[in-house]
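Tertiary structure, described
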Amino acid sequence: MLKKTLLAAAVFAFATTTVQANEVSGYVTGSMGQSDSKDFRSDTDFAYKVAVGLQANPYVALEAQYTDLGKPSDKGLVVDNFGNLYNAKVTAKTRGLGANLVGTLPLDDFKLFAKVGYHKMETKVRVKVAGVGSGSATAREWVPSFGAGASYAIMPELEIVAEYERYKDVADAYNVDLASVGLRYNF
């Protein structure tokens, strides 16, 4: 807990110092794409995110982000203690809120960026076993992420954004990759 508090204080102090020295701008980004988890047979699903950012200077931004990583599923057979086989299906829906520190390399209308983040994600797992029943469980935990992307300014206020992110150890079990495209409105 102390590490998280110190990290948050350091990021806040850095952002405050940077904000005081520069003219600050903001942005809103909406993106959609495909999430991918190799641990599920049907491992891809529709995903989306919405972020609000504070651009402290041309090179550094802080973001608050809501992410829905979709609902991958897997089907298979399970065996009970007596050797009976049953069809089973597992689904895992993950979504949550988080924050990112974004580093940007501006190149005229084109920008490259990298980000690291920390997110409070909720994963709802549901298991259905044919002829037996179903059950569910929910896991809530902090998940680190990292990513990279690029944007192109159509006009000063509007950019097209493409990025890739990885969310590590979701539900303490698997990684989720998110490839997305979207629009960013700068204000």
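Analysis parameters
Residues numbered from 1 in each chain as written. Predicted model: local features only at pLDDT ≥ 70, side-chain atom pairs only at ≥ 80, totals over all residues. Heavy atoms only, no water. Core = buried A, V, L, I, M, F, W, Y, C linked by side-chain atoms within 4.5 Å. Buried < 20%, exposed > 50% of the residue type's maximum accessible area, 1.4 Å probe, protein only. Helix = DSSP H or I, 4+ residues; strand = E, 2+ residues; numbered from the N terminus. Contact = heavy atoms within 4.5 Å. Phe/Tyr/Trp six-rings, centres within 6.5 Å; stacked < 30°, edge-to-face > 60°. Lys NZ or Arg CZ within 6 Å of the ring centre and 35° of its normal. Pairing = 2+ DSSP bridges. Polar contact = N/O pair within 3.5 Å; in protein donor to acceptor, adjacent residues only side chain to side chain. Salt bridge = Lys/Arg side-chain N within 4 Å of Asp/Glu carboxyl O.

**Focus: the nonpolar core**
Core analysis: the largest hydrophobic core is formed by 10 residues, namely A47, L69, A92, M121, V143, Y167, V170, Y174, V176 and L178. At three residues, the largest contribution of residues to this core is made by strand β9 (residues 174-186). Beyond its immediate stretch of four places on either side in the chain, L178 contacts G33, Q34, S35, A47, K49, T67, L69, E163, Y164, E165 and Y167. Formed by five residues, the second largest nonpolar core is a distinct cluster that contains Y27, A61, F113 and V161.

**A word on the packing of aromatic side chains**
All chains considered together, the criterion is met by four aromatic pairs. Ring geometry for Y48 against Y66: centres 6.2 Å apart, planes inclined by 45°, an arrangement best described as tilted. Residue Y48 is located in strand β2 (residues 44-57), and its partner Y66 is located in strand β3 (residues 60-68); the two are separated by 18 residues in the primary sequence. What makes Y48 partly exposed here is its relative accessible area of 32%. Across the ring face of Y27, the terminal group of R184 is positioned such that the distance to the ring centre comes to 4.5 Å. It is R184 that lies over the ring of F113; its NZ or CZ is 5.6 Å from the centre.

**Quick notes on the pairing of strand β6 (residues 110-129)**
Side-chain positions along a regular strand alternate between the two faces of the sheet. For strand β5 (residues 85-107) and β6, the ladder comprises 20 bridges, and the chain directions are antiparallel. Of the residues in β6, the one forming a bridge with K89 is K128. Taken together, β5 and the strand that follows it, β6, pair antiparallel across an intervening segment of two residues, in which D108 is found at a positive phi of about 60°. Pairing of β6 with strand β7 (residues 133-155), which is carried by 20 bridges, proceeds in the antiparallel orientation. Counted as the bridge partner of V129 is G133 from β7. The turn linking β6 back onto β7 is made up of three residues, and G131 within it adopts a positive phi angle of 80°.

**A short note on the environment of E159**
Structurally, the position occupied by E159 is in strand β8 (residues 158-170). It is 9.1 Å that separates the C-alpha atoms of E159 and T29, two residues lying 130 residues apart in sequence. In contact with E159, other than residues within four places in its own chain, are K111, S151, Y152, A153, I154, G182, L183, R184 and N186. Looking at E159, its side chain comes within polar contact range of the side chain of S151, at 2.6 Å.

**Some points on the pattern of salt bridges**
Scanning the entire structure with this criterion turns up 11 salt bridges. Among the salt bridges present, the one from K124 reaches E122, with a minimum N-O distance of 3.9 Å. Owing to a relative accessible area of 40%, K124 belongs among the partly exposed residues under this scheme. For E122, a relative accessible area of 18% gives the class buried. As a salt-bridge pair, D177 and R166 come within 2.6 Å of each other at their nearest N and O atoms. One end of the pair, D177, is in strand β9; the other, R166, is in strand β8, and 11 residues separate them in sequence. When its relative accessible area of 13% is taken as the criterion, D177 is described as buried. Counted as one network, the salt bridges with shared partners bring together K49, E63, K115, E163 and E165.

Limitation: the analysis is restricted to geometry and does not speak to function.
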